[in-house]
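# Residue-level structural notes
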Amino acid sequence: MGWLGLDDTDSLAGGCTTEVFDTLLRHLPVGASTGVPRLVRLWPFAQRRTRGNAALAVEIHTNDVDGLLGHLDAWWTEHLAPLRGSMESSLVSDRDQFPASPGMVWFDLPPPPSVYFDAVRSHVSIDSLPEPARAWGGHGRIGATAAVAWPALDFTWEAIAWRLEGEDHRPRHVDDASLDVVDAWPDTFLSRDPRKGTSLIAPRGKSPVLFGLRATSRETAERGCQRLLEGSGTEQVDRWRVFQTNQASGDHLGPELTLTVERVEVHPTRKHATVLCGDVSVRAYAEGGPINALARWLMPGDEISVAGLTDADGLVHAERLKVETWVPRARQRPCCPECDVRLKSMGTNQGLRCPKCKLRSEDAWVDVEVHPPYASWVEPPASARRHLARPLAWDESH
Ligand SMILES: [Zn+2]
């Protein structure tokens, strides 16, 4: 018995660690059986991250651990080590690419959960990892170790279907009517963008993955995947598998911050808002929809609560935002206590007068009552959310 972890076998040029892992699991030696395979998303700002920044792990049961490790040695040399360094330099990308650096680990017992939480919330260096019983390869050992350490306290499921070999250049075909049916099931989530109606289950770019269907129960992930594959408009697939995942767990976010707004800057063309709050600055991108609208509404003196990840420049990328208290936006003259008509100024230092009954009173102002565009927590639309983001609708307390 023990735990196997794998990461970083893919690059922007193609390939997918999920498929590589599935192949490995299908070729384990006789007598070895597996627990539930897991797909674990890690810190989205990791500099060397793969496209989805997901690592894989599984518990393996066997009475012959030495035999299994010998098999894994051979499998590593033949199938995984050659994936090292694959990268397509001609591909246009707005972020730095790193060549794939596959890593695999074997632990007799999972490392403590803190190893996972460090890797989902911050940068982790390869030197700080706990020592596995056996390790192969390079940088991917970080994600592989974190995936084994994941305590799976809060989890969802994803059924992944892989395309036939050599098909990953062609447009994807998933039956739209079947997706409608599956999307309407209460236990599936993020299958379609509710605003635009577009499918969210297919990855962008070159990948052997046809779709990944997310669900809150394993049964629904399985049943939904089968329903999609039976659809007449769905292309033939090679194989599929259901993974337990940390997607939608919210594990990447630390405690919420409470801040007082000092200034709001809105980018003149790209429309993202930066909310400056003393030592902390909060960024709300235009794609964030409601978050961006709320951020742009803020004024100096407003108090906000925010949850998000802090990037290398110290900027908090808002994933959840709420305005707790707000300063008055405008003021006006009070109303006449007799007629309820608004008083008018008689001129500088001349006091106020009711235009109807002529009652005179001292100079005064009252605040105009305002309502923020959103009174409770807001989040970006489904298509702009991170894999790890927990939908607000799941949190009754919000
Ligand atoms: Zn009056």
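Residues numbered from 1 in each chain as written. Predicted model: local features only at pLDDT ≥ 70, side-chain atom pairs only at ≥ 80, totals over all residues.

## Regarding the packing of helix H5 (residues 176-184) against helix H6 (residues 218-230)
The criterion, for reference: Every axis corresponds to a line fitted to the C-alpha atoms, with the helix fit spanning only the stretch in contact, and the corresponding angles, defined between N-to-C directions, vary from 0 to 180 degrees. In this text, helices come from DSSP runs of H or I with a minimum length of four residues, and strands from runs of E with a minimum of two, each type numbered from the N-terminal end. Here the word oblique covers every angle except those under 35 degrees (roughly parallel), over 145 (roughly antiparallel) and from 65 to 115 (roughly perpendicular). In this scheme, a crossing is called left-handed if the near helix is turned counterclockwise away from the far one by less than a right angle; it is called right-handed if the turn is clockwise. Any two residues are considered in contact once their C-beta atoms, placed from the backbone, lie within 7 Å.
Two numbers describe how H5 lies on H6: the axes approach to 8 Å, and their chain directions differ by 165°. If you check the angle between H5 and H6, you find them roughly antiparallel. Of the two elements, H5 crosses H6, and the hand of that crossing is right-handed. When H5 is examined against H6, the residues Ser178, Leu179, Val181 and Val182 are found in contact with a partner set consisting of Gly224, Arg227 and Leu228.

## Some remarks on the sheet that holds strand E12 (residues 273-277)
Strand-to-strand pairing in sheets goes through backbone hydrogen bonds, with the strands running parallel or antiparallel. For clarity, the cut-off: Two strands make a pair as long as DSSP finds a minimum of two bridges between them.
Here 6 strands make up an open sheet; going across it, the order is E10-E14-E15-E13-E12-E11 and the pairing mixed. Each edge of the open sheet is held by one strand with a lone partner, namely strand E10 (257-260) and strand E11 (263-266). Averaged over all pairs of adjacent strands, the angle between strand axes in this sheet comes to 40°, irrespective of strand direction. Bridge count between E10 and strand E14 (residues 303-310): 4 bridges; the pairing is antiparallel. In the strand pairing of E14, Leu257 is matched with Val306. Against the sheet, helix H7 (residues 290-297) makes contact with E11, E12, strand E13 (280-284) and strand E15 (315-325), and its axis sits at roughly 65° relative to E15, the strand it touches most.

## A closer look at the sheet that holds strand E18 (residues 352-353)
Within the open sheet, the 3 strands sit side by side as E17-E18-E19. Their pairing is antiparallel. Only two strands of the sheet have a single neighbouring strand rather than two, namely strand E17 (344-345) and strand E19 (360-361). Looking at chain direction, E18 and E19 are connected through 2 bridges and run antiparallel. Residue pairing in the sheet places Arg353 in a bridge with Arg360 of E19.

## Considering the domain arrangement of the protein chain
We apply this condition: Domain extents, as shown, originate in an automatic or database domain assignment.
Here the domain parsing of the protein chain yields domain 1 (2-149), domain 2 (156-245), domain 3 (257-328 + 371-394) and domain 4 (330-369). The partner domain 3 presents 4 residues to the 6 residues of domain 2 that form the contact.

## Considering the pairing of strand E4 (residues 54-61)
Bridge analysis of strand E1 (residues 2-7) against E4 gives 5 bridges, and the strand direction is antiparallel. What sits directly across from Leu4, in E4, is Val58. Where strand E3 (residues 38-41) meets E4, 4 bridges bridge the pair, whose relative direction is antiparallel. Counted as the bridge partner of Arg38 is Ala57 from E4.

## Examining H7
Quick note on the threshold: To sort residues by exposure, count the other C-beta atoms lying within 10 Å of each residue's C-beta; 20 or more gives buried, 12 or fewer gives exposed, and values between give partly exposed, all with C-beta atoms placed from the backbone. By construction, the arc corresponds to the directions joining the helix axis to the C-beta atoms.
Those residues of H7 lying buried are Ile291, Asn292, Leu294 and Ala295. Taken end-on, H7 shows its buried residues confined to a sector of 165°, consistent with a single buried face. Here the buried face of H7 lies against E11, E12, E13 and E15.

## So, the nonpolar core
Operational definition: Here, a nonpolar core denotes buried Ala, Val, Leu, Ile, Met, Phe, Trp, Tyr and Cys residues that are linked to one another through C-beta atoms within 7 Å.
One finds Ala57 and Ala146 to be the most contacted residues of the largest nonpolar core, which totals 65 residues. Of all the elements, helix H4 (residues 141-149) adds the most residues to this core, at 6 residues. Residue contributions to this core reach at least three from each of two domains, namely domain 1 (2-149) and domain 2 (156-245). For Ala57, the contacting residues outside a window of four places in its chain are Trp3, Leu4, Gly5, Arg38, Val40, Ala144, Ala147 and Val148. Counting residues in each nonpolar core, the second largest holds 20 residues, with Val261, Ile304, Ala318 and Val323 among its members.

## What about the environment of Asp108?
With respect to the secondary-structure elements, Asp108 resides in the loop between strand E5 (103-107) and helix H3 (113-121). When the C-alpha positions of Asp108 and Val264 are compared, they lie 52 Å apart, and in sequence the two are 156 residues distant. Those residues within four positions of Asp108 in sequence are excluded, and the remaining contacts are Gly2 and Ala133.

## Topic: the pairing of E5
Taken across its 5 residues, E5 has 5 buried, putting it largely inside the fold. Of the two faces of E5, the one holding Gly103, Val105 and Phe107 and the one holding Met104 and Trp106 are both buried throughout. Relative to E5, E1 runs antiparallel, the two sharing 5 bridges. Within the sheet, the bridge partner assigned to Trp3 lies in E5 and is Phe107. Here 4 bridges tie E5 to strand E6 (residues 134-137), and the two strands are oriented antiparallel to one another. Within E6, the residue paired with Met104 across the bridge is Trp136.

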